[in-house]
Amino acid sequence: MKKNSVVFMLMMSVTLGGVSVLHADEGFASWLFSVERKKGVEPVTDAIYNEECSACHFPYQPGWLPEASWQKLIAASALEDHFGESAELDEQTQQHIINFLTANSADKSYYKRSKKIMASLNKDQAPIRITKVPYIIKKHDEIPEKLISKNEKVKSLSYCEKCHKKAEKGIFDDDSVFIPGHGYWSD
Amino acid sequence: MKKYIGLIVIIGLGCVSYAQANMDDLYKYYNPQGELTFGAERGKTLWHKKHLDKKGKERACTTCHGEDLRKSGKHAKTGKVIDPLAASVNKERFTDLKKVKKWFKRNCKWVLGRECTDQEKGDILKYLSQL
């Protein structure tokens with residue numbers, strides 16, 4: 001028994017070691033721990049972003065849109081009329097947020113959902129809504145409107161966290177979806 | 001032990017004076033020359049006054065903050081819960097000048113279609129701090 005487990009460990013370390021060479025630039029530890037994480041979208045860790053962009057809705061992860069989209073959304077003139085609201089920021093905060101968003105935008109992310117977002121957009125497409133990205137539209141096209149816009153507890157597809165219970169962690173798998181007033185989603 | 005009690009009292013006093021200083025700082029900020037007097041009654045009227053938006057729909061400060069400021073409000077469009085605004089139940093309120101300035105600017109524009117004057121802001125703060 002003991003011998004078996006030693007052999008197993010040896011085999012494992014050879015296998016992992018082999019793979020880690022392929023990922024040498026990222027480092028073995030980060031590769032090992034990232035396998036699980038890189039499935040979703042990168043969670044937000046920036047405190048200023050979380051404070052400023054969570055007042056009216058869920059703080060969307062930068063990995064949902066390409067840099068060009070964020071540039072359009074966060075331009076000073078755009079924030080004055082942000083979907084009919086004033087989301088104006090002082091210059092310093094605005095600069096911090098635009099830096100954070102563009103450094104972590106979908107086009108630069110290795111996370112699976114960001115890659116899917118980019119794959120579904122043409123080169124010159126830069127929507128200012130996540131809910132206008134073809135990948136997101138397609139993923140939700142089977143949900144009847146009565147569960148979304150006609151559902152008082154949800155109101156719009158824009159409010160991801162109403163249904164995706166692990167949204168803040170960047171996890172959007174279909175098995176963590178619970179539609180308020182309806183229940184768990186199953187095919 | 002005595003030493004500690006002294007320390008606790010000092011810390012306690014420190015907290016109280018800090019909170020009060022902050023509200024006064026806000027009044028001072030909106031009234032640097034000291035020529036304005038702020039009144040909670042005027043603030044209350046402003047707070048509840050209804051304005052019409054471009055589509056003729058009513059808008060007031062209560063549209064998002066609700067009728068009872070000791071309870072949570074709800075953002076008119078997104079439905080996101082807004083923590084109570086009354087300082088008596090929410091100690092974090094009106095402690096950050098930058099935050100107060102930012103939301104006065106945004107919310108006055110949304111409700112009145114213009115920025116509020118210093119007089120109006122001071123009156124509203126008087127009202128909100130007394131709830």
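The shown structure was predicted, so the numbers you read here are calculated from the model rather than taken from an experiment. (Residues numbered from 1 in each chain as written. Chains lettered and ligands numbered in written order. Predicted model: local features only at pLDDT ≥ 70, side-chain atom pairs only at ≥ 80, totals over all residues. Heavy atoms only, no water.)

Before going further, it helps to examine the state of the cysteines. Summed over all chains, the structure comprises one disulfide over all chains. The side chain of B:Cys108 participates in a disulfide bridge whose partner is B:Cys116; the two sulfur atoms lie 2.0 Å from each other. With the S-S bond torsion at -95 degrees, the cross-link from B:Cys108 to B:Cys116 turns out left-handed. Judged by its relative accessible area of 5%, B:Cys108 is buried. With no disulfide of its own, A:Cys56 lies closest to B:Cys64 among cysteine sulfurs, the gap being 8.1 Å. Not engaged in a disulfide, the cysteine B:Cys61 finds its nearest cysteine sulfur in B:Cys108; these two sulfurs lie 6.6 Å apart. (Disulfide = S-S within 2.5 Å. Buried < 20%, exposed > 50% of the residue type's maximum accessible area, 1.4 Å probe, protein only.)

Let us look at the interface of chain B and chain A. Taken together, the contact between chain B and chain A spans 14 residues of the former and 18 residues of the latter. Carbon and sulfur atoms make up 38% of the area that chain B and chain A hide from each other, which totals about 1400 Å². Summed over the shared surface of chain B and chain A, the result is four salt bridges. With its nearest N and O atoms 3.6 Å apart, the salt bridge here joins A:Asp90 to B:Lys98. (Contact = heavy atoms within 4.5 Å. Buried area = accessible area lost by both parts, 1.4 Å probe. Salt bridge = Lys/Arg side-chain N within 4 Å of Asp/Glu carboxyl O.)

This paragraph deals with helix 6 (residues 91-103) of chain A. In this model helix 6 of chain A runs 18 Å from its N-terminal to its C-terminal C-alpha over 13 residues, within 8% of the 18 Å that 1.5 Å per residue would give. Elements that come into contact with the buried residues of helix 6 of chain A comprise helix 3 (47-52), helix 4 (67-74) and helix 5 (76-80) of chain A together with helix 4 (97-112) of chain B. (Helix = DSSP H or I, 4+ residues; strand = E, 2+ residues; numbered from the N terminus. Expected span 1.5 Å × (residues − 1).)

Where two aromatic rings form a pair, the distance of their centres and the angle of their planes describe that pair. For the coordinates displayed, the defined rule picks out seven aromatic pairs over all chains. Where A:Trp64 meets A:Phe172, the ring centres are 4.8 Å apart and the plane angle is 85 degrees; that geometry is what we call edge-to-face. With A:Trp64 in the loop between helix 3 and helix 4 and A:Phe172 in the loop between helix 9 (160-163) and strand 1 (178-179), this pair connects stretches of sequence that are 108 residues apart. Each member of the pair, A:Trp64 as well as A:Phe172, is classed as buried. With 6.0 Å between their ring centres and 45 degrees between their planes, B:Tyr27 and B:Phe38 make a pair best called tilted. With B:Tyr27 in helix 1 (residues 2-30) and B:Phe38 in the loop between helix 1 and helix 2 (40-48), the pair connects residues that are 11 residues apart, well separated along the chain. B:Phe38 shares its class with B:Tyr27; the two are buried. (Phe/Tyr/Trp six-rings, centres within 6.5 Å; stacked < 30°, edge-to-face > 60°.)

This part covers empty space enclosed by the protein. Residue and element names in this part refer to chain B. Inspection of every chain in the model, using the stated rule, returns one cavity of 30 Å³ or more. By volume, the largest cavity amounts to about 40 Å³. If you trace the largest cavity, you find it lined by Leu46, Cys61, Leu112, Cys116, Glu120 and Ile124. Partitioned by chemical class, the residues of the lining of the largest cavity number five nonpolar, no polar and one charged. (1 Å grid on protein atoms, 1.4 Å probe; cavity = no way out; pocket = protein on both sides within 12 Å on 5 of 7 lines; lining within 4 Å. Points joined across faces, edges and corners; volume = space filled by probe spheres on them. Nonpolar A, V, L, I, M, F, W, Y, C, P; charged D, E, K, R; others polar.)

Here we take up the domain arrangement of chain A. All names here are of chain A. Structurally, chain A comprises domain 1 (2-32), domain 2 (47-128) and domain 3 (136-184). Measuring from the centre of the C-alpha atoms in domain 2 to the corresponding centre in domain 3 gives 21 Å. In this assembly, seven residues from domain 2 lie in contact with 10 residues from domain 3. Roughly 740 Å² is buried in total at the junction of domain 2 and domain 3, and carbon and sulfur atoms are behind 65% of that figure. The largest share of the area that domain 2 buries against domain 3 comes from Phe58, Trp64 and Arg113, three residues that together contribute 61% of it. Between arginine 113 and aspartate 173 there is a salt bridge; the shortest N-O distance is 3.0 Å. Linking domain 2 with domain 3 are three residue pairs in polar contact (both at pLDDT 80 or more). A class-by-class count of the residues in the side of domain 2 that touches domain 3 yields four nonpolar, two polar and one charged. (Domains from an automatic or database assignment. Polar contact = N/O pair within 3.5 Å; in protein donor to acceptor, adjacent residues only side chain to side chain.)

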